[in-house]
Structures are given as C-alpha cells and as structure tokens.
Amino acid sequence: MTKRPKRRTERGRTSRTRSVRAAPGPQGPLAGIRIVDMTTVLMGPYATQILADYGADVIKVEPPEGDIMRHAGPMRNPRMGPMFFQANRNKRSVVIDIKTAGGRAALKRLCASADVFVCNVRPAALRRVGLGPDDIRAGNPRLVHLSLIGFGEGGPYSGRPAYDDLIQGLAAIPATIRQQAGKGEPRYAPLTMADHVVGLNAVHVILAALMERARSGKGQTIELPMFETLAQFVLSDHFGGRAFEPAIGPPGYNRLLAPDRRPYATRDGHICILVYTDRHWEAFFRIIGKPEQFHDDRFRSAAGRSRYFAEAYALMAEVLATRTTAEWLAIFQEADIPAVPMHDLDALIDDPHLAAVGFFHTLDHPTEGRIRVVGIPSRWSRARLAITRHPPNLGEHTAEVLREVGLSDAAIRRLAAEGAIGTVSLPPPARARKSRRTR
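Residues numbered from 1 in each chain as written. Predicted model: local features only at pLDDT ≥ 70, side-chain atom pairs only at ≥ 80, totals over all residues. Heavy atoms only, no water.

J.: Describe the overall build of the chain, listing the residues and the values that go with them.
T.: For the chain, the count of helices and strands is 19 helices and 14 strands. Its C-alpha atoms put the chain at 95 × 60 × 45 Å along the principal axes. Counting across all 439 residues of the chain, residues that qualify as buried make up 43%. Restricting to contacts in the chain with at least 6 residues of sequence separation, those with at least 24 account for 67%. Carbon and sulfur atoms make up 55% of the accessible area of the chain, which totals about 23500 Å². A gap of 9 Å separates the mean positions of the 62 positive and 44 negative side-chain charges of the chain. (Helix = DSSP H or I, 4+ residues; strand = E, 2+ residues; numbered from the N terminus. Buried < 20%, exposed > 50% of the residue type's maximum accessible area, 1.4 Å probe, protein only. Contact = heavy atoms within 4.5 Å. Areas by Shrake-Rupley, 256 points an atom, 1.4 Å probe, with all protein chains shown as cover. Lys, Arg positive; Asp, Glu negative; His and termini not counted. Charge placed at Lys NZ, Arg CZ, Asp CG, Glu CD.)

J.: A description of the confidence of the model for the chain should follow, citing residues and the corresponding values.
T.: When pLDDT is low, close inspection of the predicted coordinates is not appropriate. Of the residues in the chain, 92% reach a pLDDT of 70 or more, and the chain-wide mean stands at 92. Scored below 50 in pLDDT, residues 1-17 makes 36 contacts in the model with residues more than four places away or belonging to other chains. Contacts from residues 19-25, a stretch scored under 50 in pLDDT, to residues over four places away or in other chains number 15 contacts. (pLDDT = per-residue confidence, 0-100.)

J.: How would you explain helix α3 (residues 101-112) if you had to name every residue and give the values?
T.: For α3, built from twelve residues, the straight-helix expectation of 16 Å at 1.5 Å per residue is met to within 8% by its first-to-last C-alpha distance of 17 Å. For α3, every residue scored as buried is listed here: G102, G103, A106, L107, L110 and C111. (Expected span 1.5 Å × (residues − 1).)

J.: An account of the nonpolar core is requested, with residue identities and associated values reported.
T.: Counting 44 residues, the largest nonpolar core has I35 and L146 as its most contacted members. Elements with a contribution of two residues or more to this core: α1 (43-53), α2 (82-88), β7 (116-119), β8 (144-149), α8 (193-216), β9 (221-225), α9 (226-238) and β14 (369-373). Considering every element that reaches this core, the biggest residue donor is α8, with nine residues. With residues near it in sequence (within four places) discarded, I35 still touches T48, L51, A56, D57, V58, I59, V116 and V118. Listed in part, the 29 residues of the second largest apolar core include C111, F117, L402 and A420. (Core = buried A, V, L, I, M, F, W, Y, C linked by side-chain atoms within 4.5 Å.)

J.: Pulling in residues and values, what's your account of the sheet that holds strand β10 (residues 264-265)?
T.: Spatial ordering of the open sheet is given by β10-β11-β12, a layout of three strands whose pairing is antiparallel. Two strands lie at the open edges of the sheet, namely β10 and β12 (339-341), each paired on one side alone. Note that β10 and strand β11 (residues 270-273) share two bridges and pair antiparallel. When the sheet's bridge partners are listed, A265 is paired in β11 with H270. Its contacts with the sheet place helix α14 (residues 325-334) against β11 and β12, and it is angled at close to 20 degrees to β11. (Pairing = 2+ DSSP bridges. Axes fitted to C-alpha atoms, helices over the stretch in contact; angles between N-to-C directions.)

J.: Tell me what's going on with the environment of F294, and back it up with residues and numbers.
T.: Mapped onto the secondary structure, F294 falls in the loop between α11 (278-287) and α12 (302-305). Assessed through its relative accessible area of 10%, F294 is described here as buried. With residues up to four places along the chain from it excluded, the contact list for F294 reads D278, W281, E282, F285, F299 and R300.

This is the structure in structure tokens:
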C-alpha cells in the first residue's frame, strides 16, 4: 500500500490528500451498469456522480453549450468551474444536440444499450420532439427511465419550471428559518438543498428500480418530483400537531424552532453543542454549578424538555458566553457531552479529521492542471470504490462512446457536420491517409 502524500494547507497544518490518476481502477458494485445522464445543474449530476463512484459507466449527454454549471465559480479555462468538478467526476461527456434529427437518433441509440436513462428536461418538451419515455424505451424495454421533475403530474403546479430557490420557498424553508430566528427577513438555506436532497433520493430510486428489474426482467418509467420530495424532507420534522385529524396543535418541532438553538457565542468564538440525553443534562448542570436544576420538572426528563427547549437553550446561551471555546471543548469532552467548534468554509476544507482519512482527492486534469475534489464517504470491505476519471471536458468522449454503440467513423463525421454532435477528433479517412503517404 502506498503512503498518501503530505500536503501543507493554507493555514499551515499538515494534511493528506489522495492523488489519483484518471485511469482504469478497481471495480465498484455497479460495474457493468450503463447510465445515460441527460441532466444539468446539480440535482441529476450529483445523483449520477454517486452512481459513477459506485462503478456505473455514466455517459453525460450535454448540449453544445455544455452543462450550465460548467460556468459557475472561478476558472482557469472556460467551461471548467469548480462546482462542475464536484458533481461530474467519474463520467464521460458526449455532446448531442437533441434539437436535430441526427442528435435525437444518436440519443436513442445510446439508450438502446443502457440500463438507466435520467433526465431533468420537462417531459412535455421532450415529448414534443419525440423523446418521451415511450420513445426512449421503445428500443429497450429493460431500460429504467427516470424523469426528475419539479412537480408531480395532476397538481396545479405540474409542468412548471422548478429551481432550488423556488422549491425551498414552497417547502417552507425560508419561513422556518425566519420563525426560528424570531425576526428578520426570510432567507434560503445557503446550500442547493433541494437539488441535493432530491439527488440523494434519485440514487435510491434508481437502485430500487434496478433491483425490481432483476426480478421482473422489465424496466419502467419513474418520475421523481422535487417539491413532493422536499416536502417529505421538511415535514418529517415539522408536521407536529397537524399529523393528527383533527389537528391537536400547530406544525413544527419546537426543539428545532427554539430561538437559541444555534451555535453559541463563547468568549472568543462559537461552539456547537447538543445536550440531549438525561445523562448529558445532569452532567451539564453539574458543570455549570447548578446541579439542582436537573431536578426541575422542565429539565429532568425528555418529556419535560420537549416542552421547554426554548428556556433550556436560552440558559445554555447565557452560560457558554463565560469561557473560551477551547475551555468549553475540553470540559465537554471530559464529560462526554457532544460538542465541536463551529467551522467556516476554510476550516471545513482544512479540517484535521478529513485530512487524516484522506477525504480530498487530487487529480491531474489534462487541461486544468492539479485540481481537488471531495472524496467518497463510504468504505466497503470487498467492493472497491475509486475516482478513476477526471471531470470531463465538454464532449471529450463523444467519438469514443458513439463508436461503442456501433456508429462508424464516417457516420460520426456526418453527425458532426450536421451539428448533431459537437466537434470530434477522429483519425482521417483511410483514403486521405494513403494520399499523404504517397506524397
């Protein structure tokens, strides 16, 4: 086993990153599964990257202008931004213009030999150009077809465009943030929360569909709506009294909505702590010199605390301001009370635990030089997951993939000349090569 190289971080600490090459590596559990991925932005690409990390052959089908996320963030070269890196490694990129007849035929040809087709283009738009689920699956009844859509069919929102901000708003996330703060303007979570939550759901939907296909021998068409998926995510916490008919109280989980549930200010920074069990609370009151408060009806049991989280957290905020972060961390670690420092983004990237487990990977990209990507969190005892492909340049694998599905070089050149696919690099025709040799 080779040792991981040590690296000096921006803050002067030593960490380890895994340097990997974009070359064939060990097989993952989904080796042999081919996924045609016609998704853009983050929801679909995040899902298919996880599947690619698991060993699936993911063919990323991009329009001639490329996935819009290629343009997000600081770049060394056009169309290769850092947000694209973090959701598109381990994939091959093919450019296909589905507005052309040749492009649509090429897409169907790809899907004829695939196991899964994933798209986030609105279904009505695809049906208009002859690429609805029935059209895509006509040549491959074993194909699992997944549409990532904004809203389920049959409701008043069906067919509308959907983006992360819109779905967060409909799913009450900005309003809940304002409710918890008790003041100020509503705000979106500063993450693409809807995209990532729905992307994770897309992964298990695809895996479940492949398991069902293994039993039935047949593929199927599936729709996964963003709004309903995020509504499930939010209301699993916050249905509250409206889970009963008739309602026995308002919605919301009061622990999460308590105004003082937040990182707590210390004398020199902030600390994140969760005093949760009876043992935690008894130890906490002992530490702050008020052991008798544990016997207060509000705090001595989970049932009591469930009604008085606001008071408990307000007390915690007052007490934690009296010492430094390091002092509190040492005290709470000794008492086995869960507590950590509050990271900013730089501290997260430089976190010593992530460095020690080799979470970040460095890649030597053919055009972008040395880049860093987030790692694969899971560890497997037999299967081997690996980052074996760099985030692809636009259309980097068009000719390679189209050859794999049976198109000749001449056919690929015709598609390129028609504008159905991007620019491709192929050896010159045999006659042209012979002519040069005779000169």
